[in-house]
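Here is what each chain is made of, one letter per residue.
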Amino acid sequence: MNNINDRRLVWDAHAGLFPSPEMDLNALDYWHLHGVNYLSINVGFDIMSKDQTFATLTSYRRWILDHGNRFVLANTFDDIKAAQQTQKMAISFDIEGMNALGDDVNMVEIYHTLGVRQMLFAYNLNNAAAGGCHDDNTGLTPFGFEVLKEMNRVGMIVDASHTSYKTSMDLIECSETPVVFSHSNPFSIWRHQRNIVDEQIQACAAKGGVIGLNGLGIFLGNNDISTETLLSHLTYLIDIAGPTHVGIGFDYMPDASVDLSSILSARPDFWPSGQQYETQNICHAGPSCIPDLVFGMQAYGLNEFEISGVLGNNFARVAKTCWVSET
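Residues numbered from 1 in each chain as written. Predicted model: local features only at pLDDT ≥ 70, side-chain atom pairs only at ≥ 80, totals over all residues. Heavy atoms only, no water.

Draft legend 1. Broad picture of the overall build of the protein chain. When helices and strands are counted, the protein chain shows 12 helices and nine strands. For the C-alpha atoms alone, the extent of the protein chain along its principal axes is close to 45 × 40 × 40 Å. Counting all 327 residues of the protein chain, 61% fall into the buried class. Taking the intrachain contacts of the protein chain between residues at least 6 apart in sequence as the baseline, contacts between residues at least 24 apart amount to 74%. Taken as a whole, the protein chain presents about 12400 Å² of accessible surface, with 49% of it coming from carbon and sulfur. (Helix = DSSP H or I, 4+ residues; strand = E, 2+ residues; numbered from the N terminus. Buried < 20%, exposed > 50% of the residue type's maximum accessible area, 1.4 Å probe, protein only. Contact = heavy atoms within 4.5 Å. Areas by Shrake-Rupley, 256 points an atom, 1.4 Å probe, with all protein chains shown as cover.)

This is the structure in structure tokens:
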């Protein structure tokens, strides 16, 4: 593990592993090797059916439990602390979009029981619950408000990444717990529809939420994952939201795990033209860049408390607020 992070909690709020029962989860060793203590893994997004999401979730859950010598399935925050103390990496699951519910709000509790601790409301396009960032700017539907209430009840983190402006603001205003943008960059630095404007950043922070730096090159710049560009997004978020409301959600995908370009080109509805999705060899910044980000934050004038917050304690604070204790 990377010594620079040994004393800090490092929390990556969203991995970009393509959700499939066929995924080789030995790829998770990459995060562990680079000092990540907690990682949220995507088990479904709106392109997939409820059955496909459920099959992926159950497959991933079994794999994590079968590899308890390296990983811990985190149901509570205490599980994350225990994993850190034993040099293991804690894992829980997230779902990107509400199509996984199949129009049934009762699925929220079922997913929670199986280890899903974070859900976002729409993946790029509008669905039965909410609006997506590449679609009409609609807010939460009556079903979406019902889902939000249920997520608050069972103890899931509410994620506004990939959603429309109106949906994100509805979530922030109406959620009983802080809302996060687990993997979203500032639109003011790079004008991409997947990025978020200052008003979203400020509203999220004002209600106690956290915005996670995304490491995909097309959301950072012209497929640019240089340390300078990463820091330009990170420091902008810090300036607008404050250092206690910024984290990391790299959306990292190991290069060998899947051909991203072929997936994106196959569904131009979800990944529309004019938004760089046609870029060949999309670059990914992941946890290996954390030491450079730490040095950059130090040079920017952040103190140890603030740096530790960005690396993990800020997202951990939200989890402790949102997650319902099992004890």
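Draft legend 2. Structural context of the pairing of strand β1 (residues 11-15). Counting buried positions along β1 gives five out of five residues, so the element sits mostly inside the fold. Both β1 and strand β2 (residues 38-45) contribute to a ladder of three bridges, which runs parallel. Note on β2: the bridge partner recorded for Asp12 is Leu39. (Pairing = 2+ DSSP bridges.)

Draft legend 3. Looking closely at the packing of helix α9 (residues 227-241) against helix α11 (residues 290-300). α11 packs onto α9 with a crossing angle of 50° between their chain directions and a minimal axis gap of 10 Å. Looking at the two axes, α9 sits oblique to α11. Crossing angle aside, the handedness with which α9 passes α11 is right-handed. Residues Thr227, Leu230, Leu231, Leu234, Thr235, Ile238 and Asp239 of α9 touch α11, and the partners they reach there are Asp292, Leu293, Gly296, Met297 and Tyr300. (Axes fitted to C-alpha atoms, helices over the stretch in contact; angles between N-to-C directions. Parallel < 35°, antiparallel > 145°, perpendicular 65-115°, else oblique. Left-handed = near helix turned anticlockwise from the far one by under 90°.)

Shape descriptors only; they carry no functional weight alone.
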